[in-house]
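Commentary on secondary and tertiary structure
Each chain, letter by letter, is given below.
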Amino acid sequence: MVTRVPPSLLRHRIGVEPYLGDGAYGPTYGPYVEVPALVGEAVRMVRAPDGRTVTSTAQVIAAPGLDCPPGSRVTLPRGRVTTAISLAEHTAPGLPVPASTEVVCE
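Below is a summary of the structure that appears in this document.

Definitions and cut-offs
Residues numbered from 1 in each chain as written. Predicted model: local features only at pLDDT ≥ 70, side-chain atom pairs only at ≥ 80, totals over all residues. Heavy atoms only, no water. Salt bridge = Lys/Arg side-chain N within 4 Å of Asp/Glu carboxyl O. Helix = DSSP H or I, 4+ residues; strand = E, 2+ residues; numbered from the N terminus. Buried < 20%, exposed > 50% of the residue type's maximum accessible area, 1.4 Å probe, protein only. Pairing = 2+ DSSP bridges. Axes fitted to C-alpha atoms, helices over the stretch in contact; angles between N-to-C directions.

Structural notes on the pattern of salt bridges
Following the criterion strictly, the structure yields five salt bridges and no others. Across the pair R73 and E17 runs a salt bridge, and its minimum N-O distance is 3.0 Å. Residue R73 is located in strand 8 (residues 73-75), and its partner E17 is located in strand 1 (residues 12-17); the two are separated by 56 residues in the primary sequence. Take R73: its relative accessible area is 31%, and that puts it in the partly exposed class.

This is the structure in structure tokens:
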């Protein structure tokens, strides 16, 4: 039974700087981490955690447990830096589908 998204399907590399909060000089971020992912660059409308409707231009699938809260900086494979809008952990205990993390980016 598959429990995690297979690494062979994560064909891209992205960089993530986790959002830590706002400091005296603006947003603060954790250290840059490069992770394997599958990136789809498509424009679609999504709802941000605060209820706003936002345009997303990239969607990322990564292994479960990715530390990328909303507001994090994400560097896509082509070098474009974007911001994470929302994060969803996908699990299906007992079903033969892989667990993964989905990040929707501006």
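Structure's up, so let's keep going.
Side note on the sheet that holds strand 10 (residues 100-105)
The sheet built from six strands closes into a barrel, its strands ordered 1-4-7-10-9-8 with antiparallel pairing. Taking each pair of neighbouring strands and ignoring which way they run, the sheet shows an average axis angle of 45°. In terms of strand pairing, strand 1 meets strand 4 (residues 33-40) through five bridges, oriented antiparallel. From the neighbouring strand, G15 faces strand 4, where its bridge partner is E34.

Focus: the pairing of strand 2 (residues 19-23)
Judged from the four bridges that link them, strand 2 and strand 3 (residues 26-29) form a sheet pairing that is antiparallel. Within strand 3, the residue paired with Y19 across the bridge is Y29. Counted between consecutive antiparallel strands, the loop separating strand 2 from strand 3 contains two residues.

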